[in-house]
Amino acid sequence: MKLNKYDIFLITLFIAVYFVVILFIPKQNKQGQYLKIITENHEKVYSLFIDKTIEVKGIDGITYISISNGKVNVTDSKCPHKICVKSKEIYLTGQIISCVPNGVYLFIEGKNGNVDAITK
Amino acid sequence: MEMLMQLQNKKIVLYSLTVILGAGIYFIENIFKFPVPFFRLGLSHVITLFLIYNGIEFKDICIIMFLKIVIGTMMSGTFLSVVFYLSLVSNIISLIIQFTFYKFLNKIFSIYSVSVIGALSNSFIQLLFIYFFIVNNLMIIYLYRYIFWFSLFTGLLNAFLTMKLASSCSIKSLF
């Protein structure tokens, strides 16, 4: 018994359904709306659409964060390895930059982020 | 009475042969792991397909499959672990789908369709299982877009091997 025309039809149908489903599944990562900064002492939310330079006080010193064109970068930080500074810019929901030595954590959130207040 | 005894003996031969073949393939496949994580060829499904193709009863295939998974995972050292439950759940559900499909539509579709349906449903059920019970992250379901193509390939490969096996030996000659 070999692959007959009905089998080929069924397999083609599966592939067609696959492509239809793929088309309708929304992309998981979308452009984020807010930047949430969490440190040891406080938690703040900033809009990604307003360019800004933020200074956040961490455990060892100040971490400088810049928001420009909806993208977030750590420009400088008082930490030994500077991993957060070397990290690529983040802008999609779910992306994070964490500076563990300085205790500063950045999260990008989307529309449904639990936002209490936005600092402008 | 003698007839019944003979049938019983033949069933024991069928059970032991297929169970050890399936478990052996399962074990060997576990030693030579596929280089990409989450991907397995699932060659032990050839035995299940072979049984379905030969018109063995559902109850018998179910027992054979259960024993195959128990012995296969025992040999691989994953008995009663997550892998065991994962295999058990996905295999039994996909067996029900494959068996029903082949029983009612065997005049239209060949074993290739049955195998492809089995492979696709098996991998999908495993991902659902992982999503609900292990990693509650939607990324797991998104993996299906890659696993789909691989399942399609393994489904066709398993059906091809089943046909090779069926052309060289038949269970019907045993009964």
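Remember, predicted model here, so these are calculated numbers, not experimental data.

Parameters at a glance
- Residues numbered from 1 in each chain as written.
- Chains lettered and ligands numbered in written order.
- Predicted model: local features only at pLDDT ≥ 70, side-chain atom pairs only at ≥ 80, totals over all residues.
- Heavy atoms only, no water.
- Axes fitted to C-alpha atoms, helices over the stretch in contact; angles between N-to-C directions.
- Helix = DSSP H or I, 4+ residues; strand = E, 2+ residues; numbered from the N terminus.
- Parallel < 35°, antiparallel > 145°, perpendicular 65-115°, else oblique.
- Left-handed = near helix turned anticlockwise from the far one by under 90°.
- Contact = heavy atoms within 4.5 Å.
- Nonpolar A, V, L, I, M, F, W, Y, C, P; charged D, E, K, R; others polar.
- Buried < 20%, exposed > 50% of the residue type's maximum accessible area, 1.4 Å probe, protein only.
- Buried area = accessible area lost by both parts, 1.4 Å probe.
- Salt bridge = Lys/Arg side-chain N within 4 Å of Asp/Glu carboxyl O.
- Polar contact = N/O pair within 3.5 Å; in protein donor to acceptor, adjacent residues only side chain to side chain.

1. Focus: the packing of helix α5 (residues 111–133) of chain B against helix α7 (residues 144–168) of chain B
Residues and elements named next belong to chain B. Here α5 crosses α7 at 140 degrees, and the two axes come no closer than 8 Å. Taken as axis vectors, α5 and α7 run oblique relative to one another. Crossing angle aside, the handedness with which α5 passes α7 is right-handed. Across the interface between the two elements, Ile111, Tyr112, Ser115, Val116, Ala119, Leu120, Ser123, Phe124 and Leu127 of α5 pack against Tyr144, Ile147, Phe148, Ser151, Leu152, Thr154, Gly155, Leu156, Asn158, Ala159, Phe160 and Met163 of α7. Its residues placed into classes, the contact of α5 with α7 shows 15 nonpolar, six polar and no charged.

2. Observations concerning the environment of isoleucine 54 of chain A
Residue and element names in this part refer to chain A. Of note, isoleucine 54 is situated in strand β3 (residues 52–57). The class for isoleucine 54 is buried, based on a relative accessible area of 4%. Between the C-alpha atom of isoleucine 54 and that of serine 66, which follows or precedes it by 12 residues, the distance is 6.1 Å. Every residue in contact with isoleucine 54, bar those within four places of it in the chain, is listed here: Leu35, Ile37, Tyr46, Thr63, Tyr64, Ile65 and Ile67.

3. Some details on the interface of chain B and chain A
Taken together, the contacts link 21 residues of chain B with 16 residues of chain A. For the pair chain B and chain A, the two sides together bury roughly 1600 Å², of which 75% comes from carbon and sulfur. For the pair chain B and chain A, the interface holds zero salt bridges. On the surface where chain B and chain A come into contact, there are five residue pairs in polar contact (both at pLDDT 80 or more). Secondary-structure elements contributing two or more residues to the side of chain B that touches chain A are α4 (82–105), α5, α6 (139–142) and α7 of chain B. The residue inventory of the side of chain B that touches chain A, partitioned by class, reads 17 nonpolar, three polar and one charged.

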